Amino acid sequence: MSHSATRVLVLNSGSSSLKYQLLDMRDSSRLAVGLVERIGEQTSRLTHTCLGSGDTREQNGPIADHEAALKAVAEELTKDGLGLDSPELAAIGHRVVHGGMFFTEPTVIDDAVLTEIERLIPVAPLHNPANLTGIRTAQALRPDLPQVAVFDTAFHTTMPESAARYAINPKIADRYRIRRYGFHGTSHAYVSRATARLLGRAPEDVNVIVLHLGNGASASAVEGGRCVDTSMGLTPLEGLVMGTRSGDLDPAVIFHLARVGGLSMDEIDTLLNKRSGLFGLCGDNDMREIRSRIDEGDEEARLAFDIYIHRLKKYIGAYCAVLGRVDAVAFTAGVGENAASVREAAVAGLEGLGLAVDPELNAVRTDRARLISPAAARVAVAVVPTDEELEIATQTYALVGTGSGSAPVGNNS
Ligand code: AMP
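Attention here is on the structure that accompanies the text. Quick caveat: nothing in here was measured; it's all calculated off a predicted structure.

A few words on the nonpolar core. In terms of nonpolar packing, the biggest core is built from 45 residues, with L211, L213, M287, Y308 and V342 touching the most fellow members. Breaking this core down by element, the ones donating at least two residues are β9 (207-213), β10 (217-223), α9 (277-282), α10 (287-295), α11 (299-323), β12 (328-332), α13 (340-347) and β14 (380-383). Among the elements that line this core, the one with the most residues is α11, at 11 residues. Those residues in contact with Y308, other than ones at most four positions away along the chain, are L213, V241, L278, M287, V335 and V342. Membership of the second largest hydrophobic core comes to 32 residues, among which are V10, V384, L390 and L399.

Take a look at the structure:
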């Protein structure tokens, strides 16, 4: 890596999308951001913004696959003088959803790393194949450049076995790699540290409950900077009520749907992952819609909201018990950062646990990290915007910025 190389391209490849950001790590500023949507369809769209000029360009029309998508992104970056061939580009950081037990830290990608990510496809069938395609395409475009995988699961690998294991036969669990991995780890790591900073304390000194409430949602208990429990499990289906996922349910619901309802495994999978949660309960998965329906007196939306909040409260209570001492509860992601009504309802009645929200502070709209608890509260309640791209870029740059650019495979696993 050249000494002047201070830029990191962050790629987040979904099954039919590619999100990207180009950052300058000297000051963590964004140079360009964008999104390719509906890859593989006739109606693909690339939206690209160059932050320097403020220009936004849009391309509509079919983009066949991730390779074509990344090439189109590379062309857009070149137009802004930010091309992938620039000597200023230090590395590409990839979000990889499932790193299993093997990857506990960001890792420079080589063939052995690719093989391991591929071996994890059975536990992340929707995500890891897309992540792999993104990596391979980027490697083809810049074979000489360090590529780093930053895993959604890595932050949770510190969970004790008592929290990570399901109560099933360990031999069976190990044979099929069944355990609680947790997801959204990059966000939980970033937000727990940012919360400590907001409190003016070192991450090692604070215990934080992080509530990542987006379309997907998860909670984590972070003790002195280390994750000790999280609500998602083998897959992102477990835990909180989400936009379209059910979260926790009695596993026997699945037997019942198969035996009594006659549904196939694929149908049940789709039902629980894509047609449940808020959407399944009331037909909307956007909290803004749900709130406005509640304001109009819609009972279905009200019940969906109440079920969502009830589950959230149970996790806050559970993680107070797991941590013993809680210094802060941090709300983040689309719902957590924006929906004051969710924050208020989630904390209502929890004064016994030292939790309260000041209505005026809760109503303030800003994209800065802030406290919303009354000054005298025992536990700080905070709104802390997440920034997964910055976290991926920071972790990537920390790894390649040392000058070696080639950390050992599966380092520290
Ligand atoms: P994310 O997955 O973090 O991008 O979050 C997306 C979700 O955030 C959406 O589905 C909405 O439910 C929610 N959301 C975004 N903006 C708002 C807002 N202003 N008020 C309430 N909910 C919001």
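Around the ligand sit G214, N215, N285, D286, M287, R288, A333, G334, V335, N338, A339 and R365, and those are all the residues in its vicinity. Residue V335 places a main-chain N or O atom 3.4 Å away from an oxygen atom belonging to the ligand. For the ligand, whose free accessible area comes to 500 Å², the fraction covered by protein is 69%. Contributions of two or more residues to the shell around the ligand are made by α10 and α12 (333-338). Split into classes, the residues belonging to the shell around the ligand amount to 4 nonpolar, 5 polar and 3 charged.

Backbone geometry follows two general trends: most residues other than glycine have a negative phi, and most peptide bonds adopt the trans configuration. For R38, which is not a glycine, the phi torsion comes out positive at approximately 50°. With respect to the element layout, R38 can be found in the loop between β3 (29-37) and β4 (45-50). For H184, which is not glycine, the phi dihedral falls at a positive 60°. In this structure, H184 sits in the loop between α5 (170-175) and α6 (185-198).

It is worth spelling out the sheet that holds β14 at this point. Across a sheet, strands are paired by hydrogen bonds formed along the backbone, either parallel or antiparallel in direction. Strand order in this open sheet of 6 strands is β11-β10-β9-β12-β14-β13, and the pairing throughout is mixed. Because the sheet does not close on itself, it has two edges, and the strands there are β11 (226-230) and β13 (370-371). By the bridge criterion, 7 bridges tie β9 to β10 in an arrangement that is antiparallel. Following the sheet pairing, L211 is matched in β10 by A219. Together, β9, β12, β13 and β14 form the strand contacts of α13, whose direction differs from that of β12 by roughly 150°.

On to the pattern of salt bridges. Side-chain pairs of opposite charge can arise where the charged atoms are in close proximity. For the structure shown, the criterion picks out 27 salt bridges. Here R177 makes a salt bridge to E116, at a shortest N to O gap of 3.8 Å. Note that R177 is positioned in the loop between α5 and α6 and E116 in helix α2 (residues 111-119), a separation of 61 residues in sequence. Between R165 and D174 there is a salt bridge, with its nearest N and O atoms 3.2 Å apart. By sharing partners, the salt bridges in this structure join R57, E76, K79 and D80 into a single network.

As a further point, take the environment of S29. Considering the arrangement of structural elements, one finds S29 in strand β3. Taking relative accessible area as the criterion, S29 reaches 26% and is therefore assigned partly exposed. Distance in space between the C-alpha atoms of S29 and G354 is 37 Å, their sequence separation being 325 residues.

Procedures and definitions
Residues numbered from 1 in each chain as written. Predicted model: local features only at pLDDT ≥ 70, side-chain atom pairs only at ≥ 80, totals over all residues. Heavy atoms only, no water. Core = buried A, V, L, I, M, F, W, Y, C linked by side-chain atoms within 4.5 Å. Buried < 20%, exposed > 50% of the residue type's maximum accessible area, 1.4 Å probe, protein only. Helix = DSSP H or I, 4+ residues; strand = E, 2+ residues; numbered from the N terminus. Contact = heavy atoms within 4.5 Å. Near = heavy atom within 4 Å. Polar contact = N/O pair within 3.5 Å; in protein donor to acceptor, adjacent residues only side chain to side chain. Areas by Shrake-Rupley, 256 points an atom, 1.4 Å probe, with all protein chains shown as cover. Nonpolar A, V, L, I, M, F, W, Y, C, P; charged D, E, K, R; others polar. Pairing = 2+ DSSP bridges. Axes fitted to C-alpha atoms, helices over the stretch in contact; angles between N-to-C directions. Salt bridge = Lys/Arg side-chain N within 4 Å of Asp/Glu carboxyl O.

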